[in-house]
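# Structure assessment
The primary structure of each chain is shown beneath.
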Amino acid sequence: NLMLTTCTSETRRPPDNAHVPAELLAGLGARDAWISPKFLYDALGSKLFEAICELPEYYPTRTEASIFERYGAEIARVAGLGATLVDLGAGNCAKAAKLFPLLQPAQYVAVDISSEFLCEALENLRQRFAHIEMTGLGLDFSERLELPPSVRAQRRLFFFPGSSIGNFTPEQARAFLLRVRGQCGDDGGLLIGIDLAKDRATLQAAYDDALGVTAAFNLNVLRHVNRLIGADFDPRQWRHHSFYHEAQGRVEMHLEARRLQTVRWQGGGRSFRAGERIHTESSYKYRQADAVRLLEQAGFEATRMWTDARHWFTVIHAQA
Ligand code: AVJ
């Protein structure tokens with residue numbers, strides 16, 4: 001189930017998305033409809049997320065970057081130089097690229113479900129860092145994490161920044177971290193960025209920005225779903241809705257039907273009442289102690305962590 005997109009080409013296999021319709025159909029058919037947040041990332045979705053990262057309201061990217069800026073040298077000493085850097089959800093690869101001078105990876109493996117976008121980013125990086133061996137993998141790592149033999153097994157440093165972990169439920173996160181731990185060998189590690197719980201106003205603004213970029217990002221999932229299962233969702237008939245569910249410790253994004261409508265897709269369809277919602281994303285916010293516990297439950301040890309002055313975000317290195 002690997003789709004290798006090394007752009008320059010040695011190995012290309014068709015994407016195995018046979019499971020995609022089943023998962024989507026199950027979610028869309030459920031009484032409380034849902035779409036997995038991974039489907040937010042088609043080529044346009046990745047670009048819209050890039051734009052989100054520039055928004056004044058969206059603090060996580062900047063806050064994480066400030067931690068790497070301030071503690072980068074120390075983080076690199078702890079993580080070790082010359083590793084195989086495996087970037088999960090690499091997107092535009094900008095975060096890893098900023099760390100190249102510090103981490104000096106021997107090999108860089110960028111993994112992202114948004115393969116077309118990833119390919120372009122990687123082409124760019126290859127020009128800028130000709131001495132680093134690079135591989136791009138267009139694959140969905142949410143359910144399984146299988147790396148091809150071309151990924152060196154020694155000294156793997158998994159990089160999972162940006163609080164992508166927040167899109168998993170804590171149970172899914174535990175299972176995912178166990179799989180990462182399993183791919184670490186006995187000399188690897190994980191460098192992870194996690195968003196921390198904070199005041200409601202800050203969180204809600206981050207997921208409902210004034211320009212409506214997050215709204216566009218959320219609505220774009222419908223265009224992607226239309227292509228994946230031949231559906232006829234009309235984005236104009238839906239509105240972005242997000243809120244902080246403090247008891248659950250997460251920000252939720254939904255799409256809300258503006259009016260009663262019927263949507264059809266290959267082999268099915270359903271109607272949505274006015275005001276009915278499709279849950280498209282949960283973004284869990286952790287307490288630092290809970291994040292460390294999660295990592296330890298997955299079999300990591302010797303965790304070291306760094307945070308910003310406001311304690312809004314944390315970067316943790318965990319040793320295998
Ligand atoms: C990329 C999953 C970390 O949850 O904050 C941004 C995605 N969603 N705005 C997040 C996102 C809405 C983002 N992650």
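Residues numbered from 1 in each chain as written. Predicted model: local features only at pLDDT ≥ 70, side-chain atom pairs only at ≥ 80, totals over all residues.

For the protein chain, the name recorded in an unreviewed UniProt entry is L-histidine N(Alpha)-methyltransferase, with Massilia horti as its organism.

### Thoughts on the site of the ligand
Our working definition: The C-beta atom of each residue is placed using the backbone, and any residue whose C-beta lies within 6 Å of a molecule or strand is treated as near it. Residues were grouped as follows: Ala, Val, Leu, Ile, Met, Phe, Trp, Tyr, Cys and Pro as nonpolar; Asp, Glu, Lys and Arg as charged; and all remaining residues, including Gly, as polar.
Lining the immediate environment of the ligand, one finds I52, P60, G162, S163, S164, G166, N167, Y207, T214, M253, E281 and S283. Of the residues that constitute the shell around the ligand, the class distribution is four nonpolar, seven polar and one charged.

### Digging into the nonpolar core
Worth spelling out the cut-off: The term nonpolar core refers to a group of buried residues, namely Ala, Val, Leu, Ile, Met, Phe, Trp, Tyr and Cys, whose C-beta atoms join them within 7 Å. Burial is judged by counting other C-beta atoms within 10 Å of a residue's own C-beta: 20 or more means buried, 12 or fewer means exposed, and anything between counts as partly exposed, with every C-beta placed from the backbone. The helix and strand labels rest on DSSP assignments: H or I over at least four residues marks a helix, E over at least two residues marks a strand, and numbering proceeds from the N terminus.
Judged by nonpolar contacts, the single largest core of 81 residues is most densely connected at L85, V111, F158 and F159. For this core, the leading source of residues is helix 5 (residues 115-128), giving five residues.

### Digging into the sheet that holds strand 10 (residues 277-284)
In plain terms, the rule: What makes two strands pair is DSSP finding at least two bridges between them. Only C-alpha atoms enter the line fits that serve as axes; for helices the fit covers just the stretch in contact. Angles between N-to-C directions range over 0 to 180 degrees. What counts as a contact is two residues whose backbone-derived C-beta atoms lie within 7 Å of each other.
Strand order in the open sheet formed by three strands is 6-7-10, with antiparallel pairing between adjacent strands. Every other strand in the sheet has two partners, leaving strand 6 (238-245) and strand 10 as the edge strands with one partner each. The average undirected angle you get between the axes of adjacent strands in this sheet is 20 degrees. Inspection of the sheet shows strand 7 (residues 250-257) paired to strand 10 by seven bridges, in the antiparallel sense. Bridge assignment links E256 to a residue of strand 10, and that residue is R277. Here helix 8 (residues 213-229) sits on the sheet and contacts strand 6, strand 7 and strand 10; the angle it forms with strand 6, its principal contact strand, is near 115 degrees.

### Here's the deal with the sheet that holds strand 3 (residues 133-137)
If you trace the seven strands from one edge of the open sheet to the other, you get 3-2-1-4-5-12-11, paired in mixed fashion. This sheet does not close on itself; its edge strands, each paired only once, are strand 3 and strand 11 (301-307). Sheet twist, expressed as the mean angle between neighbouring strand axes with direction ignored, is 15 degrees. Packing against the sheet, helix 3 (residues 59-79) makes contact with strand 4 (156-160), strand 5 (189-195), strand 11 and strand 12 (313-319), and its axis sits at approximately 30 degrees to strand 12.

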